[in-house]
Protein chains: 2
Amino acid sequence: MNTKSFFALLLCAMGAMTVYAQDAVDAKPASTNVPMAQYPKVTADNRGVFRISAPKAQEVVVDICGKKYNMTNDGQGVWTATTDPLVVGPHYYALEIDGARVNDPSSRTVYGCGLDMSYIEIPETAEEAAYYTYNKDVQHGQVRLCQYWSNVEQKQRQCYVYTPAEYEQNPTKRYPVLYLQHGMAENETGWHIQGRMANIMDNNIASGKAVPMIVVMDNGNCDYGFGSKPGEQFNEFGASFYKVIVEDIIPYIDATFRTLTDRENRAMAGLSWGGFQTFNTTMANIDKFSHVGSFSGAIFSLAAGDVKTLYDGVFADADKFNSQIHTLFIGTGSEENLGSQKVNDNLNAAGIKTHFYLSEGTAHEWLTWRRCFNQFVPLIFKNK
Amino acid sequence: MNTKSFFALLLCAMGAMTVYAQDAVDAKPASTNVPMAQYPKVTADNRGVFRISAPKAQEVVVDICGKKYNMTNDGQGVWTATTDPLVVGPHYYALEIDGARVNDPSSRTVYGCGLDMSYIEIPETAEEAAYYTYNKDVQHGQVRLCQYWSNVEQKQRQCYVYTPAEYEQNPTKRYPVLYLQHGMAENETGWHIQGRMANIMDNNIASGKAVPMIVVMDNGNCDYGFGSKPGEQFNEFGASFYKVIVEDIIPYIDATFRTLTDRENRAMAGLSWGGFQTFNTTMANIDKFSHVGSFSGAIFSLAAGDVKTLYDGVFADADKFNSQIHTLFIGTGSEENLGSQKVNDNLNAAGIKTHFYLSEGTAHEWLTWRRCFNQFVPLIFKNK
């Protein structure tokens, strides 16, 4: 390669950049764009304006928030669409170019829907977003990428581990641990990137709302869509995780970090399928966990049936359960109907104490889960 | 959202999965595929087999390793191409679907070329790959994602910081620091993901070849392609980084980690444009650095001219320079010609001592830089 071809290499970066503007003057490039990309934009009334160069295409569609929008060709192969007003928060989305479902090269990708998906954030106000926004005036924890060996799976795995700012400054202090799970077809990166968990933890610890804690985010073995693994039964989906968390992850974390290792100081929470996995893990291991959170959890059996017969009867003796599980948090968005309200009602009817939280105006998406997390972390590791 | 639409959500994950196999029996799914994706595959002779569903497309192309391959429609909208044998190591690549340059939804993305690019790794043998492969029998460091406030830029920035395994076990020990930069249109994630730096460090430390050190990977303010920022002059590209590394990054790292803060214990290296930035940073701050590495560095002036007049004459007194800079490493791939051999010759002709390394059979890509890094880290922080 000579010098000229070195610079020719850079042209690969510029395919996505040949797309320029004439649209609503109030529209601003999304915060989730790749560097220098002017599109997608977000209008003052929260419409997305999407644009891509597809010179020879016959049909280009943007698929976002459950609706497909046909994009319009300007006659020179630049396609544009403006959506309806979108709900605030982050959304996965895709383009369809002559039937091929692909990413928008102008947006950053995050892991969701079983692959690296295009991602756009429709911003809240600064005040609404404060709890998940970096604050330069508070101390900041770190998120550590840790590789470890799984004896169960006989391979290396990776987890993300948040340590609070004071962890470095108190070299003998031990901390409680929250295990925090993503949803179906997401992975261990979700809470760090889409969930903004480090900012939420930093802000809650700095304000004194939450106690300093370690947060562990691992892969729930459900990082693909159910149905894409040939022959897999529904009850097998993500089920291999239960042995891994108990036999590999918790021992690794307790051996590597300065943790408090008793059940009073161990919590677990998860979103959607991770909420289902949280119930399956914690209810079968009451000796290991004392705080539990479900954020839009896919715990359909609890919504449907007599809870006293479920999970090997753990809810049958409500007084015993309430004395053991200090926090049982059930959160959901108002614009989804995954049964969380019914789960909560059924548990309460059986005498089980819960914290119920309804996120107003949000759906089965990450803004609901940021809010749930922000409500959950102040509750735990306090009521021993 | 009801339960049925919850499962409908999952269908988004499956667009990329509707593509099945009938090809060379020896071809295996690439390690860089998204979960469950059968394509791309790599044949025994290192050809890539790419496949995508694009039912209404007229023309689909895969662009990899500097060559475009037309894909063939099976008559039902599934397009396939098999490439020539590809050089081993990781490659960025793209698809062009009716002229739209996009990612392959079946591959993981990494940040390169100014956006989240499709990525495929053509594997080396296990023996060749051992130095950058996870080894369960050695101790593992951590890579910490750290947000900090930049006074220079008045915004938060993010860096990746590798700490060696023993960092946790020696709570008062201080460590030397290597600052390690990515190339043009890449970012602070590159060395961790494409570069496999944590595995390379773990293996070098475990074998005793390298001393335990902290490695800092930050964004060089050149994470887009030159030319995509309107009006920017070439001498401005990435130049804002020099003030940031000296005034923000080094003070933040020294305040946050247990570092050795004298020049004897601070090194800097970078690849391609990051090599250019490394020379600009270190040669202007000899009081702060004593080990320097350029991996395929874009240091064209050193290849072209009388080195004694460059960098404010830092090379004019060779004895002085050689006594101050303990390691000056110049590495390159044999299949690129960015002038590194000439840089090395010119420096040697001026009496400057160097370590020259040629990676056989590799180009201006990450396998060259993994190898350079593996050669470089055993040299530094030893010859005080």
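To keep things clear, this report deals only with the structure shown in the data block. Each chain has its residues counted from 1, running along the sequence as written. All chains are assigned letters beginning with A, and all ligands numbers beginning with 1, in the order in which they are written. Only residues with pLDDT of at least 70 are given local features in this predicted model, and only at 80 or more are side-chain atom pairs given and counted; all residues enter the totals for whole chains, interfaces and linings. With hydrogens and water excluded, all non-hydrogen atoms of the structure serve as input to the side-chain values.

Residue and element names in this part refer to chain B. In this description a helix means any DSSP run of H or I spanning at least four residues, a strand means any run of E spanning at least two, and both kinds are numbered starting from the N terminus. Tracing the backbone through its elements, the reader meets Asp202 in helix α4 (residues 197-206). An unpaired buried charge is present at Asp202: no salt bridge exists, and Arg144, the closest side chain of opposite charge, is 12 Å distant. A 3.5 Å cut-off defines polar contacts: any pair of N or O atoms within that distance qualifies, except that in protein one atom must be a possible hydrogen donor and the other a possible acceptor, and neighbouring residues in sequence count only when both atoms are side-chain atoms. Of note is the side chain of Asp202, whose polar atom sits 3.0 Å from the side chain of His140. By definition, residues are in contact when any of their heavy atoms lie within 4.5 Å. Other than its neighbours up to four places away in sequence, Asp202 contacts Val138, Gln139, His140, Gly141 and Tyr162. Partly exposed residues are those whose accessible area sits between 20% and 50% of the maximum for their type, while under 20% is buried and over 50% is exposed, using a 1.4 Å probe and protein chains only. We treat Lys and Arg as the positive residues and Asp and Glu as the negative residues; His and chain ends play no part in the count. One speaks of a salt bridge when a side-chain nitrogen belonging to Lys or Arg is within 4 Å of a carboxyl oxygen belonging to Asp or Glu.

Quick look at the interface of chain A and chain B now. One widely used convention gives an interface's size as the accessible area the parts lose upon coming together. The interface is formed by 76 residues belonging to chain A together with 76 residues belonging to chain B. Interface area for chain A against chain B, summed over the two sides, is near 6500 Å², with a carbon-plus-sulfur share of 64%. Linking chain A to chain B there are 6 salt bridges. Notably, a salt bridge pairs Arg144 of chain B with Glu168 of chain A, separated by 2.8 Å at the nearest N-O pair. Our count for the chain A to chain B interface comes out at 21 residue pairs in polar contact (both at pLDDT 80 or more). Buried area is a sum: the accessible area each of two parts loses on coming together, probed at 1.4 Å, counted once for each and added.

With that out of the way, let us pick up the relation of the copies chain A and chain B. Note: a rotation about an axis with an accompanying shift along it relates these two copies of the chain. Once chain A is rotated about the relating axis by 180 degrees and shifted along it by 0.0 Å, it coincides with chain B to within an RMSD of 0.0 Å. With respect to symmetry, the two chain copies, as superposed, fit the operation of a two-fold axis. The C-alpha atom lying nearest the rotation axis in chain A is that of Arg144 of chain A; the distance is 2.1 Å. When the interface residues of chain A are mapped onto chain B, 100% of them again fall at the interface, so both copies present the same face. The copies were overlaid by least squares, fitting only the C-alpha atoms of residues that reach a pLDDT of 70 or more in each copy.

Now for the packing of aromatic side chains. Two aromatic rings, taken as a pair, are described by how far apart their centres are and by the angle between their planes. Working definition: a ring pair exists when centres of Phe, Tyr or Trp rings (six-membered ring for Trp) sit within 6.5 Å. Plane angles under 30 degrees give stacked, over 60 give edge-to-face, the rest tilted. In total, this model carries 48 aromatic pairs over all chains according to the counting rule given. Judged by centre distance (5.7 Å) and plane angle (80 degrees), the rings of Phe226 of chain B and Phe237 of chain B are edge-to-face. Of this pair, Phe226 of chain B sits in the loop between β15 (214-217) and α5 (241-256) while Phe237 of chain B sits in the loop between β15 and α5; the two residues are 11 residues apart in sequence, bridging distant segments of the chain. Taken together through their ring pairs, the aromatic side chains of Trp191, Phe295, Phe329, Tyr357, Trp366, Trp369, Phe373 and Phe376 of chain A make up a single cluster. When the ring centre of Tyr167 of chain B is taken as reference, the NZ or CZ atom of Arg258 of chain B above it lies at 4.0 Å. Positioned above the aromatic ring of Tyr132 of chain B is the side chain of Arg370 of chain B, whose terminal nitrogen or guanidinium carbon lies 4.5 Å from the ring centre. Criterion for a charge above a ring: Lys NZ or Arg CZ within 6 Å of the ring centre, and within 35 degrees of the ring normal.

A separate point is the sheet that holds strand β6 (residues 72-73) of chain B. Residue and element names in this part refer to chain B. Here a strand pair is declared whenever DSSP counts at least two bridges between the two strands. Strand order across the open sheet formed by 5 strands is β1-β2-β3-β7-β6, with antiparallel pairing between neighbours. In this open sheet, the two strands that pair with only one neighbour each are β1 (28-29) and β6. Bridge analysis of β6 against strand β7 (residues 78-85) gives 2 bridges, and the strand direction is antiparallel. Residue pairing for β7: Asn73 is matched across the bridge by Trp79.

Turning to the pairing of strand β11 (residues 115-122) of chain B, a few remarks are in order. Residue and element names in this part refer to chain B. With 8 of 8 residues buried, β11 is to be regarded as a mostly interior element. Sheet topology places strand β8 (residues 89-97) next to β11; 5 bridges connect them, and they run antiparallel. Each residue of the ladder has a partner; that of Gly89, found in β11, is Ile122. Of the pairings in the sheet, the one linking strand β10 (residues 109-112) to β11 comprises 4 bridges and is antiparallel in character. Each bridged residue has a counterpart across the sheet, and for Val110 the counterpart in β11 is Met117. Where β10 hands over to β11, the hairpin turn is made up of 2 residues, of which Cys113 adopts a positive phi near 60 degrees.

Along an α-helix, residues three or four positions apart point the same way, because every turn accommodates 3.6 residues. Across the 11 residues of helix α6 (residues 273-283) of chain B, 9 count as buried, placing the element largely inside the fold. For α6 of chain B, every residue scored as buried is listed here: Trp273, Gly274, Gly275, Gln277, Thr278, Phe279, Thr281, Thr282 and Met283 of chain B.

We now examine the sheet that holds strand β6 (residues 72-73) of chain A. Across the sheet, which stays open at both edges, the 5 strands sit in the order β1-β2-β3-β7-β6 (chain A) with antiparallel pairing between neighbours. Among the strands making up the open sheet, the edge pair consists of β1 (28-29) and β6 of chain A.

Residue and element names in this part refer to chain A. Here an angle of 0 to 180 degrees is reported between the N-to-C directions of two axes, which are lines fitted to C-alpha atoms, with helices fitted over the stretch in contact. As a packed pair, helix α4 (residues 197-206) and helix α10 (residues 366-376) sit with axes 10 Å apart at the nearest point and diverge in direction by 30 degrees. Our classification of the angle between α4 and α10 gives roughly parallel. The interaxial crossing formed by α4 with α10 has right-handed handedness. Between α4, through Met197, Ile200, Met201 and Asn204, and α10, the contact on the second element is made entirely by Arg370, Phe373 and Asn374. Under the convention adopted here, Pro, Cys and the residues Ala, Val, Leu, Ile, Met, Phe, Trp and Tyr are nonpolar, Asp, Glu, Lys and Arg are charged, and Gly plus all remaining residues are polar. A per-class count over the contact of α4 with α10 returns 4 nonpolar, 2 polar and 1 charged. Throughout this description, any angle smaller than 35 degrees is read as roughly parallel, any larger than 145 degrees as roughly antiparallel, any in the 65 to 115 degree range as roughly perpendicular, and the remainder as oblique. Each crossing is labelled by how the near helix is turned from the far one, with a counterclockwise turn of less than a right angle marking it left-handed and a clockwise turn marking it right-handed.

It is worth stressing that arrangement in space is one thing and function is another; only the former is reported here.
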